[in-house]
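# Examining the three-dimensional arrangement
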Amino acid sequence: LKMSWFWLYLPLHLFTASCLCHSTKAPTTSSQQSFKTDLFNFYHSLLLADGKETTIHLLKDIPKRYYFVLEEGRVLAPFSITVTPCDVPIEWSILVYKSPPGKAAPGDHGTQEVSKSQKTPSMVSTIFNYKGNSVETYMGMSSHSALYLLEFLSTERDTHITVYLTTDTTSGHLYPELPMDPRINVIGVGHTTVTLTWKHSPSVLQHRESIQYCLLVNEKHNYKSLCAAETAIRSSGMKLPPALALSLSPYLLEPQQVMILSHSELSIISKVSSGEVRQVCMGTKNTYTVPNLSPNTQYYFDVFIVNLLTNASAAYTGTFARTLEEPEPKVTELKDGKVIHVVMDGKKQKFYSLQYQARHKKIHFTFQLCQGQIRVHITRNGKTVASENLSGLRYFSLKGKLLDTYLVQLRSTEESNSSVKVQASPHFHKPLFPLLPESLKIKSFSKLRTCRSVTIAWLGTQEESKYCVYRRRIEEDQIWRELQSADSCSGPESRPKSEKVLCKYFYDLNLQRAVTTETIKGLEAGTFYLFDVYLFGPSGIPVRYHSKVVKTRKKC
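Structure report, in brief. Keep in mind it's a predicted model, so treat the numbers as computed, not measured.

A few words on the sheet that holds strand β9 (residues 159-166). The strand order across the open sheet formed by 4 strands is β2-β9-β4-β7, and the pairing between neighbours is antiparallel. Where the open sheet ends on each side, the last strands, each with one partner, are β2 (52-58) and β7 (136-142). Across this sheet, the average inter-strand angle for adjacent strands is 20°, counted without regard to direction. Judged from the 7 bridges that link them, strand β4 (residues 77-85) and β7 form a sheet pairing that is antiparallel. Following the sheet pairing, P78 is matched in β7 by M141.

Here's what the structure looks like:
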């Protein structure tokens, strides 16, 4: 900003008038005292930069003052001031000092006689004041040279604000423009999703490459600026990137943060004391469905339009919505000794409930994880007695009272489908599954491999049981998918008879010797084969060993 002579002249002029009043011992009026206070405020002020966003730190109950001057000679000089509180409400005001008509030039101060206009203090008036935490913009127009003083005060606690002054209102805006209707509209609410839409910013149409929308989701309240949102999250113990749109980089993330990049959308999920805070930047799309929310929970949504080149942002009017309550799950009755096969959709993460009323004091629950990952939660008369993630076969032996009511809740912990077999029975009931070995792994011997055969081994038990071996040719690019999708509950009845190799019985009272081997012949050279072993117990329900892939030698 080009400084005119006026701002140098004005303080001297005011100071001269003040001294004349004192030397003639004229009575001090309240207006003169107020004028002296304003003069003191000016001399303890800082120059506010023009065309640049300034960050100002405020101490509680200590005012901070900045000034700027409109240069002389401009006709109807426009200017605007935008103040953004970044935390608590603040008070701020604008005072203007105007020189009276007929003011002397700086060269006239050498004369012995001081003109009447020099004795008259400049006119001082408050043209704007505000208290609150909203982003406020004052737009003014001055027809003559004037000095402006801005005063900022925080009465709640130490805080910081940003101030943007510009006297060039024709070369565009630092802040992106909001549409005439800046509201966020909720157009869809589900159990775990909320769909939002908002009017496009005019800035998007003009500068699509450098503008994008960012969404903030939290469970506390709406924020009136991006600056306020970042401050609130930091005060909860999180260290946020400087701006949602520009600095969402993995190296800036804290241990409590997770970054997700998918379909050109960048998300950061932060765990704070007030719940989960989610930030999503989605480019210039003005419709977005927020996924993976908790049922029956109120969320607050704020959209910010961000200039990628300057980091400046503008906030739409925030909104809120409550997700739908999860419907009461259907409860399936468990009967003594009966096996129930439960299949779950991991994308919905829906609970499945099974109920069992005890006819004996001791109850035995058996779970066989068939596929995926599942968490089980068991309550007795409303009190939790067991809760854990299932793996393979899991038994729970519980002791209570006659007619106790047990509720078993199952939930998939991954997005793919999961399934499990469940049985409840009195403790003395005939066991559902056979006695299991220490490990269900199948071992192969590399040195015993040939072009036409492989040798495998597996552990047995002290109980005589039936073991059946199956094989299947498999392509190399199918191995990972086959091993990941294997259903350990499926029995050999679902497999073609051509895949069956043999069945055998064996056991050993000495567990150290309870191991058996088989050499599978008639294979092709340089080929991958998938081998499965099924263990059958007294009940006839099979347990599947972990699948093993072996490749025959290419040359012998």
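A separate point is the sheet that holds strand β23 (residues 362-371). Sheet architecture is open: 4 strands sit in the order β21-β28-β23-β26, paired in antiparallel fashion. This sheet does not close on itself; its edge strands, each paired only once, are β21 (339-344) and β26 (393-399). Going across the sheet, the axis of each strand differs from the next one's by a mean of 20°, ignoring polarity. Of the pairings in the sheet, the one linking β23 to strand β28 (residues 418-426) comprises 8 bridges and is antiparallel in character. Directly across from Q368, in β28, lies its bridge partner K421.

Glancing now at the environment of E326. Residue position: E326 is located in the loop between β19 (319-322) and β20 (331-333). Using a relative accessible area of 36% as the deciding quantity, one classes E326 as partly exposed. Placed 136 residues apart in sequence, E326 and G190 show a C-alpha to C-alpha distance of 9.4 Å.

A full pass over the atoms with the stated rule returns 5 disulfides. Residue C468 pairs covalently with C503 via a disulfide, S to S 2.0 Å. Sign of the S-S torsion, about 110° for the bond between C468 and C503, identifies this disulfide as right-handed. Placement of C468 in strand β31 (residues 465-474) and of C503 in strand β32 (residues 500-506) is noted, with a sequence separation of 35 residues between them. Using a relative accessible area of 3% as the deciding quantity, one classes C468 as buried. Cysteine pairing in the chain follows 1-3, 2-4, 5-8, 6-10, 7-9, where each cysteine in a disulfide is numbered by its order in the sequence.

As a further point, take the packing of aromatic side chains. Taken as a whole and judged by the stated rule, the model has 18 aromatic pairs. Here F128 and Y138 contribute two aromatic rings whose centre-to-centre distance is 5.4 Å and whose plane-to-plane angle is 45°, an arrangement assigned as tilted. Here Y138 lies in strand β7 and F128 lies in strand β6 (residues 123-132), a separation of 10 residues in the sequence. For the pair formed by F128 and Y138, the shared burial category is buried. Taken together, the ring pairs connect F68, F79, W92, F128, Y138, Y148 and F152 into an aromatic cluster. The ring of F396 has R394 lying over it, and the distance from NZ or CZ to the ring centre is 4.3 Å. One Lys or Arg, K466, reaches over the ring of F536 and ends 5.5 Å from the middle of that ring.

On to the pattern of salt bridges. Summed over the entire model, instances satisfying the criterion amount to 14 salt bridges. For R473, the salt bridge is made with E524, and the minimal N-O distance between the two is 2.8 Å. In this pair, R473 sits in strand β31 while E524 sits in the loop between β33 (515-520) and β34 (528-536), placing the two residues 51 residues apart along the sequence. On the basis of relative accessibility, which here comes to 46%, the residue R473 falls in the partly exposed class. On the basis of relative accessible area, E524 is assigned to the partly exposed category, the value being 39%. By sharing partners, the salt bridges in this structure join R472, E482, R495, E499, D532 and R544 into a single network.

About the cut-offs
- Residues numbered from 1 in each chain as written.
- Predicted model: local features only at pLDDT ≥ 70, side-chain atom pairs only at ≥ 80, totals over all residues.
- Heavy atoms only, no water.
- Pairing = 2+ DSSP bridges.
- Helix = DSSP H or I, 4+ residues; strand = E, 2+ residues; numbered from the N terminus.
- Axes fitted to C-alpha atoms, helices over the stretch in contact; angles between N-to-C directions.
- Buried < 20%, exposed > 50% of the residue type's maximum accessible area, 1.4 Å probe, protein only.
- Disulfide = S-S within 2.5 Å.
- Phe/Tyr/Trp six-rings, centres within 6.5 Å; stacked < 30°, edge-to-face > 60°.
- Lys NZ or Arg CZ within 6 Å of the ring centre and 35° of its normal.
- Salt bridge = Lys/Arg side-chain N within 4 Å of Asp/Glu carboxyl O.

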